[in-house]
Amino acid sequence: MNRAKPLHGSIEEDFRARTPGSARLFARACAVIPAGLTHDSRAALPYPVCAARAQGPRKWDVDGNEYVDYFGGHGALLLGHSHPAVVEAVQRQMPLGTHWGASHALEVQWAELVQRLIPSAERVRFTASGTEASLLALRLARAFTGKPKIVRFVGHFHGWHDEVVAGAMSHFDGSAPAGIAPAALEQSIVLPDGDLSRVTDTLGTREDIAAVIVEPSGASWGQVPLPAGLLASLRQLTHERGIVLIFDEVITGFRWSRGGAQARYGITPDLSVLAKILAGGLPGGAVAGARAIMEQLDAAAAKAAGREKIGHQGTFNANPLCAAAAVAALGLVETSDACARAEASAEALRQGLRKLLVEEGVPWGVYGESSVFIVFPNPKGLPIDPASFDPVALGFEGIKGARDPHLINRLRLALLTEGVDIMGGPGGMVSATHGPQEVAQTLQAFRSALRRLKAEGDIRWP
Ligand code: PMP
């Protein structure tokens, strides 16, 4: 164990001094992996830390530095790293086989758990990732309605397949990202989620819409919270117009509550897209939805309904290793207070951070629902009171559209030197294993990081 060492130089000098092993490994990675990265959101300057192991709420890098971890496996680890029950389930499964090329009991148990937990889950079909589940949900919706268009919202992320890329992380003006065919773009109508009358107008008047897909938390795990009433209006309008309502619960499923955002808000979509916590920290996704829509995947049922069967393959769908991890993890979600514990720690962290910003005179905001926290580092120097900051007023343009990647990188770097690893939101995912000790350590790290950022001229005052 190697807790934060005494700091001597600038933030970057200290980071480099603490992480020579990460620097070496990253140099090797760059010679073989484009950008040295396997996921865009792991990008960091001067280089990312390379992890070596993790346990509960903490992880260690190749140089032995310890971090309180808020990446949480990109949100997959509600139960923390390497939960003993999940480890045991995977170890038990390994020698029995990792791919039987056959149906099996674990996939049935897994689907039954999803059916019990997620309100929309009359039927469940597994995929290997959230991106694949999003793709399948859109295909099911188009086939069911016989209509071509999908309504999405600016800044809402639904994976990286062609149809959902434009306007999610970039190209907010509706232009085509490199590599995406204009024809794919034409099938999406991308609306601002803050403009209810435009949403109402589009759904109420157009006859070519198959589905509306939405992150029920608001864009990117709630970085841009939804205006009050939007989800209820979507539910009502789609119901009236025979449009399929899809909640992308890849982040919120099993986190916003045991039954996801839909159970927390009491609004049930027609289809849910699930992944992350769904598979207990291993790869996996699912579409969970209304029987009539899902049964397009069943040749006999589709024929009886006068429909064409929808094709769906995938080598690793519900493989027994992932299914074993998933059954162990979702069993704990169902029977323990994991969601509530993670949320309590996140709330303590959010409150502590707000107080700290006030004390340090830093005009930033802190918010977030359930077990996530999000920091608004006020890139434009707005007059913000951290005690009463309201992100809804800023909307997409003021938050996700105004991101300052340099400032976010500086905050993350400063926190890494203090032993805390946050995501680029900036913010993070809190697990059921984060407790008062992690919260206190994180608050202390933020205080030191803010002071150093002030000293190095990174923080702007209105
Ligand atoms: N939808 C949302 C809301 C997500 O956050 C993500 C992943 N971050 C995805 C879909 C895609 O999931 P996956 O990475 O498993 O393909």
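This text goes with the structure placed above it.
As the structure is a computational prediction, the values presented were derived from the model and not from experiment.

1. Structural notes on a nonpolar patch on the surface
Together, F157, W160 and M169 make up a nonpolar patch on the protein surface, roughly 400 Å² of accessible area in all. Assignment of secondary structure puts W160 in the loop between β5 (149–153) and α7 (182–186).

2. With respect to the sheet that holds β5
Ordered by their spatial adjacency, 7 strands build an open sheet running β4-β10-β9-β8-β7-β5-β6, and the pairing between neighbours is mixed. If you trace the sheet from one side to the other, it starts and ends with β4 (123–127) and β6 (188–191), each paired once. Each strand of the sheet is rotated relative to its neighbour by a mean of 20°, with strand direction disregarded. Summarising the sheet, β4 and strand β10 (residues 285–289) pair through 5 bridges and their orientation is antiparallel.

3. Section: the pairing of strand β1 (residues 51–55)
In this structure, β1 lies alongside strand β2 (residues 58–61), joined through 4 bridges in antiparallel fashion. Directly across from A51, in β2, lies its bridge partner D61.

4. Focus on the packing of aromatic side chains
Here the structure, examined in full by the defined rule, presents 6 aromatic pairs. Measuring from ring centre to ring centre gives 5.0 Å for F15 and Y47, while their planes differ by 40°; the resulting arrangement is tilted. Separated by 32 residues along the polypeptide, F15 in helix α1 (residues 11–18) and Y47 in the loop between α2 (20–30) and β1 bring together distant segments of the chain. Pair check on accessibility: F15 and Y47 agree, each one buried. With centroids separated by 4.8 Å and ring planes inclined at 75°, the aromatic side chains of F172 and F396 adopt a geometry described as edge-to-face. Taken together, the residues F172 in the loop between β5 and α7 and F396 in helix α16 (residues 395–398) connect sequence positions 224 residues apart.

Each value, and the rule that gives it
- Residues numbered from 1 in each chain as written.
- Predicted model: local features only at pLDDT ≥ 70, side-chain atom pairs only at ≥ 80, totals over all residues.
- Heavy atoms only, no water.
- Patch = residues over 30% accessible without salt bridge, like charges linked within 9 Å, V, L, I, M, F, W, Y side chains within 5 Å.
- Areas by Shrake-Rupley, 256 points an atom, 1.4 Å probe, with all protein chains shown as cover.
- Salt bridge = Lys/Arg side-chain N within 4 Å of Asp/Glu carboxyl O.
- Helix = DSSP H or I, 4+ residues; strand = E, 2+ residues; numbered from the N terminus.
- Pairing = 2+ DSSP bridges.
- Axes fitted to C-alpha atoms, helices over the stretch in contact; angles between N-to-C directions.
- Phe/Tyr/Trp six-rings, centres within 6.5 Å; stacked < 30°, edge-to-face > 60°.
- Buried < 20%, exposed > 50% of the residue type's maximum accessible area, 1.4 Å probe, protein only.

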